[in-house]
Amino acid sequence: MRDSLVRLALVVATLAFVPGCGSKTYLAKDFGHAEKSAEEASPTGGPSLDQRRENMTRMYKDLVHFRTSLRDSQERGDRTTSNALGLFIESYMDMHLDPLLDGEWQSRHPELWALDADLRLAKADVLMRMNETSRAAKTLDEIASRYKGRDDMLVHYPMGSESPLGKAIKLLRDGV
C-alpha cells in the first residue's frame, strides 16, 4: 500500500514538471453572477441613462406584481404557490435586481435617485412578504445610509401612494 502511494506521488510530481502534460481548467462562469460590463460599472448619460431608467422602471413594476402575487397566495393560504414564488423571486433578485442596484452612482444621480429609492423600498417590501426580515432590515439600513439627509424626498411607498422617504422606511420597519 505504501509503495503504491509513493509511486502515485512520483507520477504526480513528474507530470507537474513535464510541459504540455497539464491543461488549464476552464470553469464555466457562475450563471447567477454575471460580470459587470463597463456600462454597468460607471455612470451613464443620454441613451444609456434612458436604458437604465427603463430597466429600473421595469424591475419596479415586476416587484409590484411579485408583491401582489405573494399577498394573494398568502391570503388564500396557498403555501405551495407562496414557496415556489418565493424561490423564483429570490433568483430574480440575485440574478437581475441586485446587480442593477450594486452601483452607488444611481443613488446620487438626480434623474434616477427617486426611482432607485422606490426600487429599493419595493425590494424591502417584497422581502418582508417573503418573511426574509433580516434581509429586508439590511436593505432598509442600506437605503437609510445611501439617502442620509434626504428623508423628505418623496417616494412611492406605500405602493400606490407617495410619502417622504423617512416615513416609508419607518413604515417598513414597523411591518406595515
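Below or above, wherever it landed, is the structure these notes cover. (Residues numbered from 1 in each chain as written. Predicted model: local features only at pLDDT ≥ 70, side-chain atom pairs only at ≥ 80, totals over all residues. Heavy atoms only, no water.)

### Things to note about helix α4 (residues 79–101)
Logical step 1: When the local axis directions of α4 are compared, the greatest deviation, roughly 45°, occurs at M93.
Logical step 2: Looking at α4, one finds that the buried residues are S82, L85, G86, I89, Y92, M93, L97, L100 and L101.
Logical step 3: Against α3 (47–76), α5 (105–108), α6 (113–129) and α7 (133–146) lie the buried residues of α4. (Bend = angle between axes of the 7 residues up to and from the residue. Helix = DSSP H or I, 4+ residues; strand = E, 2+ residues; numbered from the N terminus. Buried < 20%, exposed > 50% of the residue type's maximum accessible area, 1.4 Å probe, protein only. Contact = heavy atoms within 4.5 Å.)

### Observations concerning the packing of aromatic side chains
Logical step 1: With the rule as written, the count across this model stands at two aromatic pairs.
Logical step 2: Arranged with centres 5.7 Å apart and planes meeting at 85°, the rings of F66 and F88 form a pair that is edge-to-face. On the criterion of sequence distance, the pair formed by F66 in helix α3 and F88 in helix α4 is long-range, its members being 22 residues apart.
Logical step 3: By relative accessible area, F88 is classed as partly exposed at 47%.
Logical step 4: Seen from their ring centres, F66 and Y92 are 5.1 Å apart, and the 85° between their planes marks the pair as edge-to-face. Of this pair, F66 sits in helix α3 while Y92 sits in helix α4, placing them 26 residues apart in sequence.
Logical step 5: Taken together, the ring pairs in this structure connect F66, F88 and Y92 into an aromatic cluster. (Phe/Tyr/Trp six-rings, centres within 6.5 Å; stacked < 30°, edge-to-face > 60°.)

### Some details on the nonpolar core
Logical step 1: Counting residues in each nonpolar core, the largest one holds 23 residues, and the members touching the most others are L63, I89, M93, L97, L119 and V126.
Logical step 2: Looking at this core, the elements that each hand over two or more residues are α3, α4 and α6.
Logical step 3: Core analysis: the next-biggest nonpolar cluster, separate from the first, contains 14 residues, L121, L140, Y157 and I169 among them. (Core = buried A, V, L, I, M, F, W, Y, C linked by side-chain atoms within 4.5 Å.)

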